[in-house]
Amino acid sequence: MAGTDAVTWEQFGEEHLAELTRLAEACLAIDGGLPLFTRTPLLRARLLQTRTLGAWHNGGLVAAVGVGLGGQPATSTGLVDPDWRGRGLGGRLLSWASEQAGDADLLVTTESWSPGADALFTARGFARTFTEWVQRHDLGDLPSLAPPERVTTEPVRLDPELFETYRASFADRPGFASPTAEEWLGELGEDDEYRPDLSLIARGPDGAAVGFVNVIDTWIDQVGVVPGWRGRRVGAYLVARALRGLAADGAREAWLCVNDDNPAAGLYRRLGFQDFGRRARYLRRS
């Protein structure tokens, strides 16, 4: 078995995107996590930061880390090929990232969480501040739900009503910081993969909006139900309808992310979603 003395340590850059993609794919295949991590925009944002360091063996990248400087906290993401774990590469990358951060706090993001990484971060004084489940739905097996009594649905419109439904659905969550309607609606409208035709708003018997679901590409991006209508299967029905819309449009799978401590994770599993790993963030204060 080759040890750390069998690798060379060099920085990597834009010209190594193919190697970075292969490394991310290898980690996702074993750990699960966010499949979007293998797409160039997110891969570039996470790893091609201010400073980079890679471990190379026989011309292949077996571990990599990027560190973003200039802000507070500094940011970092690292990967170790599953075939190269247990040889100290992760610890070496984390030590280097900490050195680059200097006196700044350091926020480590992992889009492909593993127990080994969690143990390493915890042992080095990092506290986990965020964890999400990534869940996948096979659209060959769709849930069938009757609509909640006296509830109707229709495709969304990017208008103030949709924003107010979003705000009412999430305003009571701890730490909620509401954007402006212009910001929130503008971000959706500028996303080329947003599907207003598959996104839905739910209305009660008086015509008032009581919930919504937003679909981006094949992702259930946001599901919200206003407080007075929770517990009436509105959210479950919206998701089931969105899944059917995606299947009818030719998609073979659907995805979503849900916070580790959000009870909705159980609802999504009952609708047929299966866990596909986790993603997390860790913070070490200087």
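Predicted model only: the values in this text are computed from it and were never measured. (Residues numbered from 1 in each chain as written. Predicted model: local features only at pLDDT ≥ 70, side-chain atom pairs only at ≥ 80, totals over all residues. Heavy atoms only, no water.)

Quick look at the packing of helix H5 (residues 160–170) against helix H6 (residues 181–190) now. The geometry of H5 relative to H6 is characterised by a closest axis approach of 10 Å and an angle of 105 degrees between their N-to-C directions. One finds that H5 runs roughly perpendicular with respect to H6. Touching Pro160, Leu162, Phe163 and Tyr166 of H5 are Ala181, Trp184 and Leu185, all from H6. Per-class residue counts for the contact of H5 with H6 are seven nonpolar, no polar and no charged. (Axes fitted to C-alpha atoms, helices over the stretch in contact; angles between N-to-C directions. Helix = DSSP H or I, 4+ residues; strand = E, 2+ residues; numbered from the N terminus. Parallel < 35°, antiparallel > 145°, perpendicular 65-115°, else oblique. Contact = heavy atoms within 4.5 Å. Nonpolar A, V, L, I, M, F, W, Y, C, P; charged D, E, K, R; others polar.)

On to helix H7 (residues 234–248). Here H7 spans 21 Å end to end across 15 residues, near enough to the 21 Å set by a 1.5 Å rise per residue. Across the 15 residues of H7, eleven count as buried, placing the element largely inside the fold. For H7, the full list of buried residues reads Val234, Gly235, Ala236, Tyr237, Leu238, Val239, Ala240, Ala242, Leu243, Gly245 and Leu246. Downstream of H7 by a residue or two, Gly250 has a phi angle that is positive, lying close to 105 degrees. (Expected span 1.5 Å × (residues − 1). Buried < 20%, exposed > 50% of the residue type's maximum accessible area, 1.4 Å probe, protein only.)

Our next topic: the state of the cysteines. Think of a disulfide as a covalent bridge from one cysteine sulfur atom to another cysteine sulfur atom. One pass over the full model with this rule turns up zero disulfides. Cysteine Cys27 is unpaired, with the sulfur of Cys257 as its nearest cysteine sulfur at 17 Å. A relative accessible area of 26% means that Cys257 is categorised as partly exposed. (Disulfide = S-S within 2.5 Å.)

Here we come to empty space enclosed by the protein. By the definition in use, this model includes one cavity of 30 Å³ or more. Of the volumes computed, that of the largest cavity is approximately 40 Å³. Contributing to the lining of the largest cavity are Glu154, Pro155, Val156, Arg157, Asp159, Glu161, Leu162, Ile201 and Arg203. Within the residue set of the lining of the largest cavity, elements represented by two or more residues are strand S7 (152–155), H5 and strand S8 (200–203). A class-by-class count of the residues in the lining of the largest cavity yields four nonpolar, no polar and five charged. (1 Å grid on protein atoms, 1.4 Å probe; cavity = no way out; pocket = protein on both sides within 12 Å on 5 of 7 lines; lining within 4 Å. Points joined across faces, edges and corners; volume = space filled by probe spheres on them.)

What follows deals with the packing of helix H1 (residues 17–31) against helix H2 (residues 40–47). At a closest axis distance of 11 Å, the pairing of H1 and H2 adopts a crossing angle of 95 degrees. As far as their axial angle goes, H2 and H1 are roughly perpendicular. Along the contact surface, H1 presents Leu17, Leu20, Thr21 and Ala24, while H2 presents Thr40, Leu43, Arg44 and Leu47. Classifying every residue of the contact of H1 with H2 gives five nonpolar, two polar and one charged.

In summary, soluble globular proteins display a tendency toward joint burial of nonpolar side chains. Membership of the largest hydrophobic core comes to 29 residues, with the highest contact counts inside it found for Ile220, Val239 and Tyr268. Mapped by element, the contributors of at least two residues to this core are S8, strand S9 (209–216), strand S10 (219–225), H7, strand S11 (253–259) and helix H8 (264–270). A per-element tally of this core places H7 first, with seven residues. With residues near it in sequence (within four places) discarded, Tyr268 still touches Gln135, Val223, Val239, Leu256, Val258 and Phe273. (Core = buried A, V, L, I, M, F, W, Y, C linked by side-chain atoms within 4.5 Å.)

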